[in-house]
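Examining the three-dimensional arrangement
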Amino acid sequence: QSVLTQPPSASGTPGQRVTISCSGSSSNIGSNTVNWYQQLPGAAPKLLIYSNNQRPSGVPDRFSGSKSGTSASLAISGLQSEDEADYYCAAWDDSLNWVFGGGTKLTVL
Amino acid sequence: QVQLVQSGSELKLPGASVKVSCKASGYTFSSYSMNWVRQAPGQGLQWMGWISTNTGNPGNPTYVQGFTGRFVFSLDTSVTTAYLQISSLKAEDTAMYYCARAVPYGDGDAFDIWGQGTMVTVSS
């Protein structure tokens, strides 16, 4: 059982906007920043969003992140077929651990 | 370019040991800690712990609960390589193991570079 809670699946059609939620607690999301990782099929995870809402160089601005209290969200606008992947949220926990969400499998219909 | 290249897949018998390597290149190895992340088949990501690569205090690994005793993180700074050794392997150790560099990003840290993963299969 993961410390951060994500929906197991999400879906959308090309061009649509989808959001993925991530719920935590005061010891992790509530007091530290949230990162998001994208894992394409058969590949290693890739940093998608850091510090709640910042995109590393090369990540399209279709991807955006937000945080409020003990929850965070990843939004993908203008959905494309190549966005089909697993998405993980992560945060540092004050118990001195990195914690991850269980992952959300995004399907582009 | 900045990259982490891991050793190849391993098939081991229960009770055996395995040592996974993670070769860093394209950056100053001692500048960023090395982390290890496990992903069991069909499952999510699980942080195993980290090891400092700082030249002033290399080593000094930290293990998450559940990864103590049989799991050992080590370094060979002369070849900019981190290692994960697992002893007394069990079937439940079957997983993909990733090394990942942790870098200060914004107001926190993030794993910005990942190895390609090493699949360890434990089976008789």
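Before reading on, note that the structure itself is shown above.
Bear in mind that the values here come from a model prediction, so they are computed numbers and not experimental data. (Residues numbered from 1 in each chain as written. Chains lettered and ligands numbered in written order. Predicted model: local features only at pLDDT ≥ 70, side-chain atom pairs only at ≥ 80, totals over all residues. Heavy atoms only, no water.)

Regarding the pairing of strand S7 (residues 71-76) of chain B
All names here are of chain B. Pairing between S7 and strand S8 (residues 81-86): six bridges, direction antiparallel. Along S8, the bridge assignment pairs Phe71 with Ile86. Counting the residues between successive antiparallel strands, the hairpin from S7 to S8 contains four residues, one of them, Thr80, with a positive phi of roughly 45 degrees. (Pairing = 2+ DSSP bridges. Helix = DSSP H or I, 4+ residues; strand = E, 2+ residues; numbered from the N terminus.)

Topic: unusual backbone geometry
All names here are of chain A. Although it is not a glycine, Asn52 adopts a positive phi angle of roughly 75 degrees. With respect to the helices, strands and loops of the structure, Asn52 is situated in the loop between strand S4 (46-49) and strand S5 (63-68). Residue classification places Asn52 among the buried residues on the basis of a relative accessible area of 15%. The phi torsion at Leu96 lies on the positive side, around 70 degrees, for a residue other than glycine. (Buried < 20%, exposed > 50% of the residue type's maximum accessible area, 1.4 Å probe, protein only.)

Comments concerning the nonpolar core
Among the nonpolar cores identified, the biggest contains 43 residues, and B:Met34, B:Trp36, B:Leu84, B:Phe111 and B:Trp114 are the most heavily contacted of them. For this core, the leading source of residues is strand S9 (residues 95-105) of chain B, giving eight residues. The contacts of B:Met34, once residues within four sequence positions are left out, are B:Leu4, B:Cys22, B:Tyr27, B:Phe29, B:Gly49, B:Trp50, B:Ile51, B:Thr53, B:Ala82, B:Cys99, B:Ala100 and B:Arg101. Of all hydrophobic cores here, the second largest spans 23 residues; its members include A:Leu4, A:Ala10, A:Cys89 and A:Leu106. (Core = buried A, V, L, I, M, F, W, Y, C linked by side-chain atoms within 4.5 Å. Contact = heavy atoms within 4.5 Å.)

Regarding the pattern of salt bridges
Tallied over the entire structure, the rule returns three salt bridges over all chains. Between A:Asp83 and A:Arg62 there is a salt bridge, and its shortest N-O distance comes to 2.7 Å. Separated by 21 residues along the polypeptide, A:Asp83 in the loop between strand S6 (71-76) and strand S7 (85-93) and A:Arg62 in the loop between S4 and S5 bring together distant segments of the chain. Taken as a pair, A:Asp83 and A:Arg62 share a single burial class, namely buried. B:Arg70 serves as the salt-bridge partner of B:Asp93, at 2.8 Å between the closest nitrogen and oxygen. Taken together, the positions of B:Asp93 in the loop between S8 and S9 and B:Arg70 in the loop between strand S6 (59-63) and S7 put the pair 23 residues apart, joining distant regions of the chain. (Salt bridge = Lys/Arg side-chain N within 4 Å of Asp/Glu carboxyl O.)

What to know about the sheet that holds S5(A)
All names here are of chain A. Sheet architecture is open: three strands sit in the order S2-S6-S5, paired in antiparallel fashion. One side of each edge strand has no neighbouring strand; the edge strands of this open sheet are strand S2 (18-23) and S5. Pairs of neighbouring strands in the sheet enclose a mean axial angle of 20 degrees, with direction left out of account. Looking at chain direction, S5 and S6 are connected through six bridges and run antiparallel. (Axes fitted to C-alpha atoms, helices over the stretch in contact; angles between N-to-C directions.)

Quick notes on the packing of aromatic side chains
Taken as a whole and assessed by the stated rule, the structure comprises 13 aromatic pairs over all chains. Relative to B:Tyr105, the ring of A:Tyr50 has its centre 4.5 Å away and its plane inclined at 65 degrees; by these criteria the two rings are edge-to-face. Remark: B:Tyr105 occurs in strand S9 and A:Tyr50 occurs in the loop between S4 and S5; the pair is interchain, linking two chains. On the accessibility criterion, A:Tyr50 (15% relative accessible area) is buried. An angle of 80 degrees between the planes, with centres 5.1 Å apart, marks the rings of B:Phe67 and B:Phe71 as edge-to-face. For B:Phe71, a relative accessible area of 3% corresponds to the buried category. By the ring-pair criterion, three or more aromatic residues cluster together here, those being A:Tyr37, A:Trp92, A:Trp98, A:Phe100, B:Trp47, B:Tyr98, B:Phe111 and B:Trp114. The ring centre of B:Tyr83 lies 4.7 Å from the NZ or CZ of B:Lys19, which sits over that ring. Above the plane of the ring of B:Tyr27 lies B:Arg101, whose end atom (NZ or CZ) is 4.5 Å from the centre. (Phe/Tyr/Trp six-rings, centres within 6.5 Å; stacked < 30°, edge-to-face > 60°. Lys NZ or Arg CZ within 6 Å of the ring centre and 35° of its normal.)

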